[in-house]
Amino acid sequence: WKRACEAEIAKRGSIFVDMGHGFTYYPFGLDPTVPWPEQVKNGATIDPEMQELLALIDGQRGVWHGRIIDTNICMSNPKARKQYIDYAVNYAKKHENVDILSLGLADGRRNHCTCENCLKKTPSDWLIVLLNEMDEALTAQGMDTRCTFSLYVDTYFPPVTERIKNPRRFV
């Protein structure tokens, strides 16, 4: 179905924007197609290495309130950002028909990491750190992929210390 839509989008000269929130769960071994509580009942667990890359909220790292699509990553952890970025770059390589790649964080509010290091910057500042690193990774691969991102809820407010280094990359 998705491929059929992509073909129709191309026929009409429209812009195809793809992905988004998936970058906060697919690279970390989480599958949003089955509700997390149901997965747990069937014995699902999070790999401890991956769990350390998820946001710390209320003293725990894991699936936020049982909702995979609302689960953020630990933005101050370079390994977490790299996991996200590597997956996104590979996605862009495999999907050359995507006009604009959407770099999403998790849905929801107050679900950003509260670890000691993440609290040193605002969620908006951490988003800009991630975007700049994504630009660097795409540039290193010689890719001119355009990207977009959402500003809402906790990232609605402007960043305090960070700025986008290559505005041409982003829509």
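Residues numbered from 1 in each chain as written. Predicted model: local features only at pLDDT ≥ 70, side-chain atom pairs only at ≥ 80, totals over all residues. Heavy atoms only, no water.

Engineer: Mind showing me how you'd approach the environment of Val 40 here?
Structural biologist: One can find Val 40 in helix H2 (residues 36-41). Residue Val 40 is classed as partly exposed on the basis of its relative accessible area, which comes to 41%. (Helix = DSSP H or I, 4+ residues; strand = E, 2+ residues; numbered from the N terminus. Buried < 20%, exposed > 50% of the residue type's maximum accessible area, 1.4 Å probe, protein only.)

Engineer: Can you help me understand the sheet that holds strand S1 (residues 17-20) in this one?
Structural biologist: Backbone-to-backbone hydrogen bonds join strands into a sheet, with any given pair of strands oriented parallel or antiparallel. Read from one edge of the open sheet, 3 strands run S1-S4-S5, paired in parallel fashion. Among the strands making up the open sheet, the edge pair consists of S1 and strand S5 (146-148). Within this sheet the neighbouring strands show an average axis-to-axis angle of 30°, counted without direction. Bridge count between S1 and strand S4 (residues 100-103): 4 bridges; the pairing is parallel. Bridge pairing in S4 places Gly 20 opposite Leu 103. (Pairing = 2+ DSSP bridges. Axes fitted to C-alpha atoms, helices over the stretch in contact; angles between N-to-C directions.)

Engineer: Just checking my understanding: could you explain the pattern of salt bridges for this structure?
Structural biologist: Opposite charge on two side chains permits pairing when their charged atoms draw close. Tallying each qualifying case throughout the model produces 11 salt bridges. Glu 52 is the partner of Arg 61 in a salt bridge, and the nearest nitrogen-oxygen pair spans 3.9 Å. Overall, the relative accessible area of 48% leaves Glu 52 in the partly exposed class. Across the pair Arg 169 and Asp 135 runs a salt bridge, and its minimum N-O distance is 2.7 Å. Here Arg 169, found in the segment after S5, pairs with Asp 135, found in helix H5 (residues 123-140); they are 34 residues apart in sequence, far enough to count as distant. Among the residues examined, Arg 169 registers a relative accessible area of 7% and is labelled buried. With a relative accessible area of 8%, Asp 135 lands in the buried category. Three or more residues joined by partner-sharing salt bridges are found here, namely Glu 8, Lys 11 and Arg 12. (Salt bridge = Lys/Arg side-chain N within 4 Å of Asp/Glu carboxyl O.)

Engineer: Whenever I open this one, the packing of helix H4 (residues 78-94) against H5 confuses me. Can you help?
Structural biologist: Two quantities define a packed helix pair, namely the angle between the helix axes and the distance between the axes. At a minimum axis distance of 10 Å, the contact between H4 and H5 shows a crossing angle of 45°. On the basis of the axis angle, H4 is oblique to H5. The handedness of the crossing between H4 and H5 comes out as right-handed. Each of Arg 81, Tyr 84, Ile 85, Ala 88 and Val 89 in H4 lies in contact with H5, whose residues at this interface are Trp 126, Val 129, Leu 130, Glu 133, Met 134, Ala 137 and Leu 138. Across the contact of H4 with H5, the residue classes break down as 10 nonpolar, no polar and 2 charged. (Parallel < 35°, antiparallel > 145°, perpendicular 65-115°, else oblique. Left-handed = near helix turned anticlockwise from the far one by under 90°. Contact = heavy atoms within 4.5 Å. Nonpolar A, V, L, I, M, F, W, Y, C, P; charged D, E, K, R; others polar.)

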